[in-house]
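Observations on the three-dimensional arrangement
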Amino acid sequence: QKEVEQNSGPLSVPEGAIASLNCTYSDRGSQSFFWYRQYSGKSPELIMSIYSNGDKEDGRFTAQLNKASQYVSLLIRDSQPSDSATYLCAVKDFNKFYFGSGTKLNVKP
Amino acid sequence: DAGITQSPRYKITETGRQVTLMCHQTWSHSYMFWYRQDLGHGLRLIYYSAAADITDKGEVPDGYVVSRSKTENFPLTLESATRSQTSVYFCASSESGDNYGYTFGSGTRLTVV
């Protein structure tokens, strides 16, 4: 069973700050990593994917991958109250996703 | 409308009844999935399908049945509903390949009383 671990939070940050969300995974052979955002009562929506070591930026979001240490992180710059949600880290292997339990982020105005 | 749709959005049923949750996608994605989401457990895979007439068990398949006679439809049936099956159920689809993300349906909130 592939394990994906996240701190459940809540992580509270003030508006305008950088939110840092972290995730570790158990299978050293995993190659594909994703971040989903889930608002309360809604379905998860894809934010970013990353496959290579290093950083990948998309607007205010930066995904970071370190395969040697088996961790993935998501940075949200200039956090907004609308970013308040649960963030799910996921690993995809052989067409199946393995999800972490999610980190709840609260951005305070 | 293009996308992935689930029905019903909400369902209340009694213990022991059979319930079917519907999932329909318009992209012709080869892979389809059913997850349940519960507090404290996150998203857990129930069943998945790689193509029409090909299905396989996930992490928590007991008490559920699936079928996929057409690429676009992937219904999930609870043969005899139990209270422990009260949950939010998400259907998802994806193209084949680990570089593709899932697209989720809007979910079905099922309550078994």
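These lines cover the structure that appears in this document, whether it is placed above or below.

Rules and cut-offs
- Residues numbered from 1 in each chain as written.
- Chains lettered and ligands numbered in written order.
- Predicted model: local features only at pLDDT ≥ 70, side-chain atom pairs only at ≥ 80, totals over all residues.
- Heavy atoms only, no water.
- Salt bridge = Lys/Arg side-chain N within 4 Å of Asp/Glu carboxyl O.
- Helix = DSSP H or I, 4+ residues; strand = E, 2+ residues; numbered from the N terminus.
- Buried < 20%, exposed > 50% of the residue type's maximum accessible area, 1.4 Å probe, protein only.
- Contact = heavy atoms within 4.5 Å.
- Buried area = accessible area lost by both parts, 1.4 Å probe.
- Polar contact = N/O pair within 3.5 Å; in protein donor to acceptor, adjacent residues only side chain to side chain.
- Nonpolar A, V, L, I, M, F, W, Y, C, P; charged D, E, K, R; others polar.
- Pairing = 2+ DSSP bridges.
- Axes fitted to C-alpha atoms, helices over the stretch in contact; angles between N-to-C directions.
- Core = buried A, V, L, I, M, F, W, Y, C linked by side-chain atoms within 4.5 Å.

1. Focus on the pattern of salt bridges
Residue and element names in this part refer to chain A. Under the counting rule described, the total for this entry stands at eight salt bridges over all chains. With a shortest N-O distance of 3.2 Å, Asp93 and Lys2 are connected by a salt bridge. Pair noted here: Asp93 is in strand 9 (residues 85-93) and Lys2 is in the segment before strand 1 (4-6), with a separation of 91 residues, a long-range link. Residue Asp93 is classed as buried on the basis of its relative accessible area, which comes to 7%.

2. Describing the interface of chain B and chain A
Contact with chain B, which involves 22 residues of that partner, is made by 19 residues of chain A. Roughly 1,600 Å² is buried in total at the junction of chain B and chain A, and carbon and sulfur atoms are behind 50% of that figure. At the boundary of chain B and chain A, one finds zero salt bridges. For the pair chain B and chain A, the interface holds 15 residue pairs in polar contact (both at pLDDT 80 or more). Counting only elements with at least two residues in the side of chain B that touches chain A, the list comes to strand 4 (31-38), strand 5 (42-51) and strand 9 (87-94) of chain B. When the residues that make up the side of chain B that touches chain A are grouped by side-chain class, the tally is 10 nonpolar, nine polar and three charged.

3. Focus: the sheet that holds strand 7 (residues 64-66) of chain B
All names here are of chain B. Pairing in this open sheet of four strands is antiparallel, and the strands run 1-3-8-7 from one edge to the other. Across the chains shown, the open sheet's two edge strands, defined by having one partner strand only, are strand 1 (4-7) and strand 7. Adjacent strand axes in the sheet meet at a mean angle of 15 degrees, parallel and antiparallel pairs treated alike.

4. With respect to the nonpolar core
Residues and elements named next belong to chain A. If you look at the biggest cluster of nonpolar residues, it comprises 24 residues, and the most contacted ones within it are Phe33, Trp35, Val72, Leu74, Ile76, Tyr87 and Leu105. For this core, the secondary structure elements donating two or more residues are strand 3 (19-25), strand 4 (32-38), strand 5 (45-50), strand 7 (61-66), strand 8 (71-76), strand 9 and strand 11 (103-108). Non-local contacts of Val72, meaning those with residues more than four positions away in its chain, are made with Leu21, Asn22, Cys23, Tyr25, Phe33, Trp35, Ile50, Gln64 and Leu65.

5. Some thoughts on the side chain of Ser43 of chain A
In this structure, Ser43 of chain A sits in the loop between strand 4 and strand 5. Among the polar contacts listed, one links the side chain of Ser43 of chain A to the backbone oxygen of Gly105 of chain B, at a separation of 3.2 Å. With near-sequence residues (within four places) excluded, Ser43 of chain A lies in contact with Arg37 and Gln38 of chain A together with Phe90, Phe104, Gly105 and Ser106 of chain B.

6. Observations concerning the sheet that holds strand 3 of chain A
Residues and elements named next belong to chain A. Taken in spatial order, the five strands line up as 1-3-8-7-6 in an open sheet, and their pairing is antiparallel. Only two strands of the sheet have a single partner each, and these edge strands are strand 1 and strand 6 (54-58). Neighbour to neighbour, the strand axes of the sheet diverge by 20 degrees on average, direction disregarded. With three bridges connecting them, strand 1 and strand 3 associate as antiparallel partners. Note on strand 3: the bridge partner recorded for Gln6 is Cys23.

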